[in-house]
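An overview of the molecular structure
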Amino acid sequence: MPIEKTLVFLKPDAVQRALVGEIISRFERKGFRILALKMLELSESFVREHYATHRGEHFYEPLVRYVTSGPVVVMVLEGKNAVQVVRDMMGETFGTESPPGSIRGDFALSDRYNLIHGSDSVQSAVEEIGRFFRPDELVSHPTDGLRWVYDMTGTEPV
Ligand code: UDP
Ligand code: MG
């Protein structure tokens, strides 16, 4: 599996419920590297674009109201198979259907207020990272910090 980048944002309910540290901590402990991190309020037009694939769904308008209802915390995470691993750590879309141990499974019950967004494919990760961050907002870490996250003795991390 390749080293990937993925775009995550913690939605307004995560900020209001003071779960930002708890959720970021899970990603750090897993071994992901944070390449970019910022807190901001997303504009309505930005959120409409981000969720454009859901336009016309019954939940589109309430979703836009939800995600623009307060500040969010946006980050780029990097790690092996990052897109799928982050999705697995998030759980299912609905809190009630998310398994214990996942972020939504441990902290959410709602079908809408589910704390976190994560890119759903490598292609959407590239697009979303480009929408949320300028290239110079992503840092590059020295790789020696990864020596006990992966076996780095070969040509690629294992
Ligand atoms: N959502 C909702 N009602 C639904 C389905 C989704 O309010 O029936 C909201 C929910 O906040 C979800 C977001 O819309 O996270 C985007 O939906 P998607 O199917 O992309 O879920 P995700 O990829 O976030 O699990
Ligand atoms: Mg989605």
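Counting restarts for each chain: residues are numbered from 1 in the order of the written sequence. Chain A is the first chain written and ligand 1 is the first ligand written, with later ones labelled in order. Local features in this predicted model are restricted to residues whose pLDDT is 70 or higher, and side-chain atom pairs enter the listing and the counts only when it is 80 or higher, whereas totals over whole chains, interfaces and linings include all residues. Just so you know, side-chain values use all the structure's heavy atoms and leave hydrogens and water out.

1. Overview of unusual backbone geometry
Phi is positive for Asn81, close to 55°, though the residue is something other than glycine. Here a helix means four or more residues in a row that DSSP labels H or I, a strand means two or more in a row labelled E, and each is numbered from the N terminus. Relative to the elements of secondary structure, Asn81 occurs in the loop between β3 (72-80) and α5 (82-90). A positive phi is found at Leu115, a non-glycine position, where the angle reads about 75°.

2. Here's the deal with the environment of Met39
Examined against the element boundaries, Met39 turns out to sit in strand β2 (residues 33-40). The class of Met39 is exposed, set by a relative accessible area of 52%. Once the C-alpha coordinates of Met39 and Glu28 are considered, the two residues, 11 residues apart in sequence, prove to be 18 Å apart. Type-normalised accessible area, obtained with a 1.4 Å probe on protein chains alone, sets the label of each residue: buried when under 20%, exposed when over 50%, and partly exposed for intermediate values.

3. Quick look at helix α7 (residues 122-132)
Restricting attention to buried positions, one finds in α7 the residues Ser124, Ala125, Glu128, Ile129 and Phe132. Buried residues along α7 cover an arc of 135° about the axis, so they all sit on one side. Away from its buried face by more than 90 degrees, α7 exposes Val126 and Gly130. Residues count as neighbours in contact if any of their non-hydrogen atoms are within 4.5 Å of one another. Close packing links the buried residues of α7 with β1 (3-10), β2, α3 (44-50), β3, α5 and β4 (116-118). Directions drawn from the helix axis to the C-beta atoms are what define this arc.

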